[in-house]
Amino acid sequence: MAHTINTFILQTKDTWYFSPLPKELTKDGHMIDVLFVCEFTLQFFTRKEELVRHQHKHLPTNKRHPPGNEIYRNGNLSMFEVDGFEERIYCQNLCYIAKLFLDHKTLYFDVDPFLFYVLCEVDERGFHPVGYYSKEKYSDVGYNLACILTFPCHQRKGYGRFLIDFSYELSKKEEKVGSPEKPMSDLGQQAYKPYWTSTIVDFLLHQSEEKHMSIMDISKQTSIMAEDIIFTLNMLGLLKYINGVYFITAERYVLLELATKHPVKEPKVDPSKLHWTPYLTDVKRDKFSIHSKKPSTNQESAPREKGGF
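Residues numbered from 1 in each chain as written. Predicted model: local features only at pLDDT ≥ 70, side-chain atom pairs only at ≥ 80, totals over all residues. Heavy atoms only, no water.

**Student:** Even after reading the chapter, I still don't get the environment of Leu-94, so can you show me in this structure?
**Tutor:** Along the chain, Leu-94 turns up in helix H2 (residues 88-99). A relative accessible area of 1% means that Leu-94 is categorised as buried. Here the alpha-carbon distance between Leu-94 and Leu-42, two residues 52 residues apart in the chain, equals 7.1 Å. In contact with Leu-94, not counting residues within four places along its chain, are Leu-42, Phe-116, Val-118, Tyr-132 and Phe-151. (Helix = DSSP H or I, 4+ residues; strand = E, 2+ residues; numbered from the N terminus. Buried < 20%, exposed > 50% of the residue type's maximum accessible area, 1.4 Å probe, protein only. Contact = heavy atoms within 4.5 Å.)

Quick look at the structure:
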């Protein structure tokens, strides 16, 4: 039997959608009005006294962080990688919480095939989760992100963009191209369109010195999948399709205007602060490895015109 709650208290916040809960949390089969969640272990409690007792007696100061490995630290931001196989309860509870705020999310109880990346704000009390994303350990369609959520009490701080950027930084470490799980929800498109736009415009404007550049060259440098680059450039009106070949047609002043309109916002991921080793895969068999991508040719490249591309 499925049960739901009205209020989620990691910090006090009304929930948005239905989420099933374990039977042991229900009161004689009735709806739970308030759910208390330990932000460090993600254990659920129906009474505040239980939560306080848990944190005082069973949670030493050096354990006030997500389980798993800390793979990124920069200032007051930290990222933990949590293996769904090793930390099933933590990851399942994270999915329960996400379902409270994501209408389209499908709740999977089998979290073993997934890795969870939990973003935290750090202070003297510990590591406080502000959002997360998950991805399959191996995706045969090249997805580098399955589900993403910034907790409502921490939204509008740039953390959603940060999580997206982090997923692509891991793809760069893996030397792969990647894309979010499709089809995307409306909220997903609202998050990804600005990211793709600002990243690609910034790359064309500041990070490329090549006279000729193909869609695949941009993909290899940014780890954004070619179809997403084509979608973004077409959306911006920068792409023309002539005789079966895509051409990027934008002068420098156009790119400058777009960069002003779509800036790369803070907080940014600093790749030098990322300490992570990817899973080993067979590059020859991995069609999403950048080493399997064809180099650019003059026939498919985008010529620079008057300082632009």
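**Student:** I tried to follow the side chain of Thr-199 on my own but got confused; where do I start?
**Tutor:** Residue position: Thr-199 is located in helix H4 (residues 186-207). Apart from residues lying up to four places away in sequence, Thr-199 is in contact with Arg-161 and Ile-224.

**Student:** Please clarify how the pattern of salt bridges should be interpreted in this entry.
**Tutor:** Charged atoms that come close allow side chains of opposite charge to pair. Here the structure, examined in full by the defined rule, presents 11 salt bridges. For Glu-39, the salt bridge goes to Arg-125, with nearest N and O atoms at 3.9 Å. Linking Glu-39 in the loop between strand E3 (32-37) and strand E4 (44-45) with Arg-125 in the loop between strand E7 (114-123) and strand E8 (126-136), this pair joins segments that are 86 residues apart in sequence. On the accessibility criterion, Glu-39 (12% relative accessible area) is buried. (Salt bridge = Lys/Arg side-chain N within 4 Å of Asp/Glu carboxyl O.)

**Student:** Would you mind going over the environment of Asn-76 with me for this structure?
**Tutor:** When you line up the elements, Asn-76 lands in the loop between strand E5 (69-74) and strand E6 (77-83). Linking Asn-76 and Glu-121, residues 45 residues apart in sequence, is a C-alpha distance of 5.5 Å. What Asn-76 contacts, discounting residues up to four positions off in sequence, is Cys-120, Glu-121 and Val-122.

**Student:** Got a minute to help me understand the packing of helix H3 (residues 159-174) against H4 in this structure?
**Tutor:** When two helices pack together, their arrangement is captured by the angle between the axes and the distance separating the axes. Their axes nearest at 10 Å, the elements H3 and H4 cross at an angle of 60 degrees. Taken together, H3 and H4 sit at an angle that is classed as oblique. When the axes of H3 and H4 are compared, the crossing they make is right-handed. Here H3 contributes Arg-161, Ile-164, Asp-165, Ser-167 and Tyr-168 to the contact with H4, which in turn contributes Ala-191, Tyr-192, Pro-194, Tyr-195, Trp-196, Ser-198 and Thr-199. (Axes fitted to C-alpha atoms, helices over the stretch in contact; angles between N-to-C directions. Parallel < 35°, antiparallel > 145°, perpendicular 65-115°, else oblique. Left-handed = near helix turned anticlockwise from the far one by under 90°.)

**Student:** I would appreciate a short explanation of unusual backbone geometry in the present structure.
**Tutor:** Peptide bonds are mostly trans, and most non-glycine residues show a negative phi. Here the amide bond leading from Lys-182 into Pro-183 is cis, since omega sits at -5 degrees, within 30 degrees of zero. Mapped onto the secondary structure, Pro-183 falls in the loop between strand E11 (179-180) and H4. Along the chain, Glu-266 connects to Pro-267 via a cis peptide bond; the corresponding omega equals -5 degrees. Of note, Pro-267 is situated in the loop between helix H7 (252-261) and strand E15 (301-303).

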